[in-house]
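A structural walkthrough
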Amino acid sequence: MTARLSLYQKAENELYRMDSSVKTKFYDFCHQFRRDPDHPSLDLKPLKGDGRIFRAKIDRSYRALLARAGVGADGVQQWLIVAVRHRKDVYEELSVAINRITGEIEFVDLGVVGQSVLQRAGLKLTPAPDEQAAPAAEPTPAPVVADRPPTPAEPLLVCTPEDLRRLGVADALIDLALTVTTEEELDQLIAGAPRLTAEVLTGLGSGMSVEEVEREITQPASTELEPGFENDMAAALTRTAVTTVDDDIRNILAEGDFRAWKVYLHPTQRKIVERNYSGPARVSGGPGTGKTIVALHRVARLAAALPPGHGKPILLTTYTKNLTADLRSRLTSLMDPALLSRVDIKHIDQLAQSVLNENSAPGSQRSLITDDAALDVLREVLFEHDEHRWDAEFLFDEWEQIVLGQSLATRQDYFKARRAGMGRALSRPERAVIWKLLDQFTLRLNGLGRETWAQAAERAARYEMERARKIQLRAERKEDIGGGDLTHLDDNSSAMRYLRHRYRHIVVDEAQDLSPAHWKMLRAMVAPGSNDLFIASDTHQRIYDRQVTLSTVGINIRGRSSKLTLSYRTTQEILDQAAKVVRGVTYDDLDDGTETLNGYHSLLHGPAPEYVACDDWTDEITQLAEALKRWRKEIMHPAEDGTVRDPSGTMAVCVADGDMAGRVAADLELKHGITTATLTKDGPQGSGEVHIGTMHRFKGLEYQKLAIVGASAGILPRTAIVEKYETSDPKRYERELKKSRNQLFVAATRARDALRISWHGRPSPFLPLQEQKDSGSGEQGDGEGGL
Ligand SMILES: Nc1ncnc2c1ncn2[C@@H]1O[C@H](COP(=O)(O)OP(=O)(O)OP(=O)(O)O)[C@@H](O)[C@H]1O
């Protein structure tokens, strides 16, 4: 090897989209280049704009654009492939620079900036002379000033060149960005810009202030550059998201961007993964911003830093069973098997069950009962006591939120308990009656040998807290006597002597849905200290009625919170609409603060979501079937190299409840010949092409094309359930509405390229239809009852 080659992330993304014949030739090119960059077949020549950029031949039509990136520690010349272009798209006005904020190498190609912007800025691009047609090379002063258009329009961004410089926009794009006058121009500039520039401009374009962008986008991406190495390309290369081109690259290219998340982390993601936290830390961010990816990489990093040993000192947990299976399979493909064996991967209820098993005599375990079945038991108790002041739903909520939520063990505790967020005030005598009823209810469950999931979690938390208390007590006593053995303690059994916290590190995904009991259990399972808890969550996606303030359960994340804003999943068009579903509603940040979607954006673009008003159920299903068939055709359209994609599992239909899921599946199969698979808690059941499930089941998943069916008023939110709270318990009513709104938000953000929402009757009030109408786009038909 006489040259080392790396591939810039943007170039790799471009390659994924190219015909496979170009990919094969590119691979051969890399092979040749590494052996001998000066081989005549490669025809390596400098471009005139920036002395560091060269172009070389991949084949007759395609060129690799390369930047010299210094010499490695072993003396080998390093090159970075910054782009792969058709020869007619190669211009002289290319530049590479080291970003002053991130310290990364950035490549700027003015060729991708829109013509109107270039013209307004007075720039004209100079095509690079192609080797065959090239006249004798003449020095080309770049860029050339062209005629300016007569009437300059108002610039879109309200900031100064100095602001943009401070925010980290690439120097070559600062003046251009300030000449942009329309959103289309800004989008085009963003699409071709280096990553930090794109994020900053998107943030400013979406209305964030310079200060907000600085705080939420620039600061998290900043790196302290070693003095003296600020302009060192070799040092900058180590900070840049690149793939080292070796024999592995062929597989990466063959697999497409499916593997991209394993290879690269965005600098903001990488920072969050690699930071050393002095205590619990949290990453938040809108759907698809890579919170799960960050959590997985964080596990891998923590595992790599473990001292040698056995056992499983790291816990990776999440809320549901199918997400746990997904985390396991992704982690398996990310980590070395030896390190993976040090990670315990369990969903939160499974974890609680293992604690209860450990603490119960054989055969004495209670079996679990669903909330609906438990509610029936409570109804029986109320009936027997001829109690009508409160209905079973109200008391069940009181029990889960207040009694279990705050682990209240005695009547006195309940008298003193704060009931913030609960709609109805309760006097002391009322509390006395309620306590008695709930006591009867839990005794009844106990007698049946049953308990709810929430109850099990609360019991498990108590066992774990007791265990943590013993560990702490022992440690304190040991410290008091200056080390030594505690032979004088009452319980000096070996079980006690070797009692340790279960985990060294805990990583939690989809944390917004965990209950206070879950948090107490987790807190007690890991010793307080550096890197103890790492939490990934988005409270806009909270779809169970759980609320927690982490600081009240001993988890202090202040000063250790970070936010991701770039969606890798959803197009900007889908994201805009989804964000409107939750706009105007306040969300907590799992602590005392609030969380917003400010700066949430995507660099991907696609068609606007479709809103479809239908006449009735049959019409809705018929139109859905037509859309699914159209999508299928699009997915199976042969690629340039003739390959055809398998559409299985790329499309999904999301509905509000299980009954509707069954009806949609039956109608699609029987009336329209479309095969389906139902999403269950164990993943998709059946081998059909289109996945169908309730909104709860879509948490954490993603599909290329997604349809939401039955988005009608009365269903979203379910009037029959929420209506009764409107007057009797306004706070509960608000909570129920929010839960339903969040479900729609989660469902809509599962779509990658195409989203279609349909209803019959009146549309759901959560759909952003009025704005569609006002802007005169999107919606088809106007639905019964109007909007
Ligand atoms: N650095 C990256 N490079 C390429 N793809 C990425 C990167 N980070 C995330 N992705 C991709 O973006 C998609 C969303 O990622 P992920 O599921 O981690 O997001 P999330 O924030 O957890 O989403 P949600 O909150 O909706 O569950 C996935 O397909 C993932 O592979």
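Each chain has its residues counted from 1, following the order in which its sequence is written. Whole-chain, interface and lining totals are the exception, using all residues; otherwise, since this is a predicted model, local features are given only for residues with pLDDT of at least 70 and side-chain atom pairs are given and counted only at 80 or more.

This paragraph deals with the overall build of the chain. Think of it this way: any DSSP run of H or I at least four residues long counts as a helix, any run of E at least two long counts as a strand, and we number them from the N terminus. Along the backbone of the chain there are 30 helices and 30 strands. Any residue surrounded by 20 or more other C-beta atoms within 10 Å of its C-beta is treated as buried, while 12 or fewer makes it exposed and the intermediate range makes it partly exposed; C-beta atoms here are placed from the backbone. Taking all 787 residues of the chain together, the buried fraction comes to 43%. Within the chain, counting contacts between residues at least 6 apart in sequence, those at least 24 apart form 74% of the total. Whether two residues are in contact is decided by their C-beta atoms, placed from the backbone, lying within 7 Å.

Take the site of the ligand next. A molecule or strand has a residue near it when that residue's C-beta atom, placed from backbone coordinates, lies within 6 Å of it. In the vicinity of the ligand lie 21 residues, with Pro287, Gly290, Lys291, Thr292 and Tyr568 positioned nearest. Elements supplying a minimum of two residues to the shell around the ligand: α11 (260–263) and α13 (291–304). Element by element, the count of residues in the shell around the ligand is highest for α13, at three residues. Residue ranges assigned to the domains are those given by an automatic or database domain assignment. A domain-level breakdown of the shell around the ligand finds at least three residues from each of domain 2 (265–356 + 456–595) and domain 4 (607–780).

As a further point, take the packing of helix α17 (residues 371–384) against helix α18 (residues 392–404). For every element, the axis is a line fit to its C-alpha atoms; helices are fit only across the contacting stretch, and the angle between N-to-C directions ranges from 0 to 180 degrees. Between α17 and α18, whose axes approach to 9 Å, the crossing angle comes to 115 degrees. Between α17 and α18 lies a crossing of right-handed hand. Between α17 and α18, the contacting residues are Leu375, Leu378, Arg379 and Leu382 on the first element and Ala392, Leu395 and Phe396 on the second. As a working rule, the residues Ala, Val, Leu, Ile, Met, Phe, Trp, Tyr, Cys and Pro are called nonpolar, Asp, Glu, Lys and Arg charged, and the rest polar, with Gly in that last group. Split into classes, the residues belonging to the contact of α17 with α18 amount to six nonpolar, no polar and one charged. Helix crossings are classified by the rotation of the near helix relative to the far one: an anticlockwise turn of less than a right angle makes the crossing left-handed, while a clockwise turn makes it right-handed.

This part covers the packing of α13 against helix α14 (residues 321–334). Contact geometry for α13 and α14: axes closest at 10 Å, N-to-C directions at 50 degrees. With respect to their mutual orientation, α13 and α14 come out oblique. When you trace α13 past α14, the crossing you get is right-handed. Taken together, the residues of α14 that come into contact with α13 (itself represented by Leu296, Val299 and Ala300) are Leu327, Arg330, Leu331 and Leu334. Grouping the constituent residues of the contact of α13 with α14 by class yields six nonpolar, no polar and one charged. Working rule for angles: under 35 degrees goes down as roughly parallel, over 145 as roughly antiparallel, 65 to 115 as roughly perpendicular, anything else as oblique.

This part is about the domain arrangement of the chain. As assigned here, the chain comprises domain 1 (3–244), domain 2 (265–356 + 456–595), domain 3 (367–448) and domain 4 (607–780). Each of domain 1 and domain 4 was reduced to a C-alpha centroid, and the two centroids are 40 Å apart.

The next thing to look at is the sheet that holds strand β4 (residues 62–71). Strand pairing is defined by DSSP finding a minimum of two bridges between the two strands. Spatial ordering of the open sheet is given by β2-β3-β4-β5-β1-β10, a layout of six strands whose pairing is mixed. Every interior strand has two partners, whereas the edge strands, β2 (45–46) and β10 (242–244), have only one. Contacting β1 (3–8), β5 (77–86) and β10, helix α1 (residues 9–16) runs over the sheet at an angle of about 40 degrees to β5.

So, about helix α8 (residues 210–221). One less than the number of residues in a helix, times 1.5 Å, gives the span that helix is expected to have. Here α8 is 12 residues long and its end C-alpha atoms lie 15 Å apart, about the 16 Å a rise of 1.5 Å per residue gives. Within the sequence span of α8, burial applies to Val210, Val213, Glu216, Ile217, Thr218 and Ala221. Down the axis of α8, the buried side of the element spans an arc of 155 degrees, and every buried residue falls inside it. The inward-facing, buried residues of α8 abut α4 (161–167), α7 (195–205), α12 (267–274) and β18 (561–564). The arc in question is the one spanned by the directions pointing from the helix axis to the C-beta atoms.

Turning to unusual backbone geometry, a few remarks are in order. Of the consecutive residues Leu716 and Pro717, the connecting peptide bond is found in the cis state with omega at 0 degrees. Along the polypeptide, Pro717 turns up in the loop between β28 (703–708) and α27 (719–722). One non-glycine residue, Ser407, lies in positive phi territory at about 50 degrees. Overall, the presence of 16 C-beta atoms within 10 Å leaves Ser407 in the partly exposed class.

With that out of the way, let us pick up the UniProt feature "binding site: ATP" (unreviewed entry) in the chain. If you check UniProt for "binding site: ATP" (unreviewed entry), the listed places come out as Gly285, Gly286, Pro287, Gly288, Thr289, Gly290, Lys291 and Thr292 in our numbering. By the secondary structure assignment, Pro287 is in the loop between β11 (281–285) and α13. Beyond its immediate stretch of four places on either side in the chain, Pro287 contacts Asp538, Gln541, Ser567, Arg569, Thr570 and Thr749. Considering the arrangement of structural elements, one finds Lys291 in helix α13. Excluding residues within four positions of it along the chain, Lys291 makes contact with Val283, Gly285, Ala536, Asp538 and Leu564. UniProt positions are given in the numbering used here, feature names are shortened, and annotations may be inferred rather than shown by experiment.

Another aspect to go through is the pairing of β1. Of all six residues in β1, six are buried, a share of seventy percent or more. Residues Ala3, Leu5 and Leu7 of β1 are buried on one face, and the alternating residues Arg4, Ser6 and Tyr8, pointing to the opposite face, are buried as well. The sheet contact formed by β1 and β5 spans five bridges and is parallel. When the sheet's bridge partners are listed, Arg4 is paired in β5 with Gln78. Bridging between β1 and β10 involves three bridges; their strand directions are antiparallel. The residue bridging Leu7 from the neighbouring strand is Thr243, located in β10.

What follows covers the nonpolar core. For the purposes of this analysis, a nonpolar core is taken to be any set of buried Ala, Val, Leu, Ile, Met, Phe, Trp, Tyr and Cys residues that are connected through C-beta atoms within 7 Å. Ranked by size, the top nonpolar core spans 73 residues in total, and within it Val299, Leu316, Leu395, Ile506 and Met521 carry the most contacts. With residues near it in sequence (within four places) discarded, Val299 still touches Ile314, Leu316, Leu331, Val343 and Val507. Counting 72 residues, the second-largest nonpolar core is a separate cluster that includes Leu47, Ile101, Leu125 and Ala198.

Let us now look at the sheet that holds β11. With parallel pairing, six strands are arranged side by side in an open sheet as β13-β12-β16-β17-β11-β18. The sheet terminates laterally at β13 (343–347) and β18, the two strands that pair on one side only. Along the sheet, successive strands turn relative to each other by an average axial angle of 15 degrees, direction set aside. Sheet topology places strand β16 (residues 505–508) next to strand β17 (residues 533–537); three bridges connect them, and they run parallel.

Looking at any residue, its pLDDT shows the predictor's confidence there, from 0 to 100. For the chain, the average pLDDT comes to 85, and 89% of its residues sit at 70 or higher. Contacts from residues 776–787, a stretch scored under 50 in pLDDT, to residues over four places away or in other chains number 26 contacts. On the interface metric, ipTM, the complex scores 0.98, and its pTM is 0.75.

Along the chain, the position of Ala456 falls in helix α21 (residues 453–480). Taking the C-alpha atoms as reference, Ala456 lies 7.7 Å from Leu356; in sequence the two are 100 residues apart. Setting aside residues no more than four positions away along its own chain, Ala456 makes contact with Ala352, Gln353, Leu356, Leu368 and Glu451.

Inspection of the secondary structure puts Gly482 in the loop between α21 and α22 (494–497). Expressed as a C-alpha distance, the spacing of Gly482 and Gly72, which sit 410 residues apart in the sequence, is 52 Å.

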